[in-house]
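Coordinate analysis (summary)
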Number of protein chains: 2
Amino acid sequence: MRAFLDDFRWQDVAHRPYKDEGSAPFRAISRQVLFEEQALDCELRYFEMAAGGYSTLERHEHMHGVMILRGHGHCLLGDFVRTLAPFDLVTIPAWTWHQFRATAGEPFGFLCMVNRLRDRPQLPTEAELAALWAIPEVAAFLAG
Amino acid sequence: MRAFLDDFRWQDVAHRPYKDEGSAPFRAISRQVLFEEQALDCELRYFEMAAGGYSTLERHEHMHGVMILRGHGHCLLGDFVRTLAPFDLVTIPAWTWHQFRATAGEPFGFLCMVNRLRDRPQLPTEAELAALWAIPEVAAFLAG
């Protein structure tokens, strides 16, 4: 048993950087891997952004199953922006652009279930990014 | 996006019986499958017991990754009993006897991540059950 500690940390769970610095755009986000076992075909991770933080805008073949755990925020999912609250569920299908943002002036954290064996994320090209900015709702989201 | 509703229910998620009635011993427990996708190698389920409810005492080859989401309770894990609170993590290794009980006079609910392809649970024989009852801490747990 690994106890839940204060401030969304867990006993014997490392509090890690989200990704290697400079490998992709992101801000004020951390990663804790809650389950990562040879015998489990998925991992369960907890990502948390500080107020104003955001995850990388990316897409990939593998699917995400997400449950919000802490705070409120928004996510981009393809051409749409969703408002999210604790315990809401988000399925991110294959090859769908997605990004999470802590837009409510508070920490925003979520569980993410993902296959243990998976492909690497892809970043948008300049043209793909321009196409996203051309959607007013998405532009307002990306502007932060 | 599937919104979280009142009382630990979710939009477009069926509230199901835990198992077929009479197939194994259990009490006052329900099952909601939050993620069950061909492209995800695990499922994420939410089980909830009413006060006094319990899951089946069982074991199997497949592993569970559990996070408590609602209320307080206890679980049996092999020869030990653990006290559990919201967001605590429990890893249930292969072939380990386990049971969850809502012992705090309140609903007790948890997430359980499990491989999509898995073996069927095994119930204890009379001899195996007697061996568990012979451990005082476990007997107090099983007595409810």
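This text gives an overview of the structure that appears in the document. (Residues numbered from 1 in each chain as written. Chains lettered and ligands numbered in written order. Predicted model: local features only at pLDDT ≥ 70, side-chain atom pairs only at ≥ 80, totals over all residues. Heavy atoms only, no water.)

Overview of the overall build of chain A
Looking only at helices and strands, one finds 2 helices and 9 strands in chain A. Each helix and strand of chain A, ordered N terminal to C terminal, gives the series β-β-β-β-β-β-β-β-β-α-α. In terms of C-alpha radius of gyration, chain A reaches 15 Å, essentially the compact-globule figure of 15 Å for 144 residues. Along the first, second and third principal axes, the C-alpha set of chain A runs to 50 × 35 × 30 Å. Counting only residues that meet the buried cut, chain A has 51% of its 144 residues in that class. Contacts in chain A between residues far apart in sequence, at least 24 positions, make up 64% of those at least 6 positions apart. Just so you have it, chain A exposes about 6,600 Å², and 51% of that area is on carbon and sulfur atoms. When the 14 basic and 19 acidic side-chain charges of chain A are each reduced to a single mean position, those positions are 2 Å apart. (Helix = DSSP H or I, 4+ residues; strand = E, 2+ residues; numbered from the N terminus. Rg over C-alpha atoms; globule rule 2.2 N^0.38 Å. Buried < 20%, exposed > 50% of the residue type's maximum accessible area, 1.4 Å probe, protein only. Contact = heavy atoms within 4.5 Å. Areas by Shrake-Rupley, 256 points an atom, 1.4 Å probe, with all protein chains shown as cover. Lys, Arg positive; Asp, Glu negative; His and termini not counted. Charge placed at Lys NZ, Arg CZ, Asp CG, Glu CD.)

Things to note about the interface of chain B and chain A
One widely used convention gives an interface's size as the accessible area the parts lose upon coming together. Taken residue by residue, the interface counts 33 residues in chain B and 33 residues in chain A. With both chains or domains summed, chain B and chain A bury close to 3,000 Å², and 72% of this area falls on carbon and sulfur atoms. Ranking the residues of chain B by area buried against chain A places B:Met1, B:Phe87 and B:Leu89 at the top, with a combined share of 24%. Where chain B packs against chain A, one counts 11 residue pairs in polar contact (both at pLDDT 80 or more). Among the elements of the structure, β2 (27-35), β3 (42-54), β4 (64-70), β6 (80-84), β7 (89-92) and β9 (108-115) of chain B are those that each provide at least two residues to the side of chain B that touches chain A. In terms of residues, the side of chain B that touches chain A owes the most to one element, β4(B), which gives 4 residues. Its residues assigned to classes, the side of chain B that touches chain A comprises 23 nonpolar, 4 polar and 6 charged. (Buried area = accessible area lost by both parts, 1.4 Å probe. Polar contact = N/O pair within 3.5 Å; in protein donor to acceptor, adjacent residues only side chain to side chain. Nonpolar A, V, L, I, M, F, W, Y, C, P; charged D, E, K, R; others polar.)

A closer look at the pairing of strand β5 (residues 73-77) of chain A
Along any regular strand the residues' side chains alternate between the sheet's two faces. Residues and elements named next belong to chain A. Counting buried residues in β5 gives 4 out of 5 residues, a clear majority hidden from the surface. Where β5 lies against strand β6 (residues 80-84), 5 bridges are found, and the strand directions are antiparallel. Across the sheet, the residue bridging to histidine 74 is threonine 83, located in β6. Bridge count between β5 and strand β8 (residues 98-101): 4 bridges; the pairing is antiparallel. In the strand pairing of β8, leucine 77 is matched with histidine 98. (Pairing = 2+ DSSP bridges.)

Quick look at the packing of aromatic side chains
All names here are of chain A. Evaluated as defined, the whole model comprises 24 aromatic pairs over all chains. Between phenylalanine 8 and tryptophan 10, the ring centres sit 6.3 Å apart and the planes meet at 80 degrees, which makes this aromatic pair edge-to-face. Across this residue pair, the class does not change: phenylalanine 8 and tryptophan 10 are buried. Here a set of aromatic residues connected by ring pairs shows up, and it is made of Tyr18, Phe26, Phe47, Phe100, Phe108 and Phe110. In this arrangement the basic side chain of arginine 101 is found over the ring face of phenylalanine 141, its NZ or CZ atom lying 5.3 Å from the centre. (Phe/Tyr/Trp six-rings, centres within 6.5 Å; stacked < 30°, edge-to-face > 60°. Lys NZ or Arg CZ within 6 Å of the ring centre and 35° of its normal.)

A short note on helix α2 (residues 136-143) of chain A
All names here are of chain A. Buried residues of α2: Val138, Ala139, Phe141 and Leu142, and no others. Projected down its long axis, α2 carries its buried residues within an arc of 160 degrees, all on one side. Of the exposed residues in α2, the ones pointing more than 90 degrees away from its buried face are Pro136, Ala140 and Ala143. Check the buried side of α2 and you find it contacts β5, β6, β8 and α1 (126-133). In the segment just after α2, glycine 144 is the residue with positive phi, at about 85 degrees. (Arc of directions from axis to C-beta.)

Any link to function would need more than the numbers given here.
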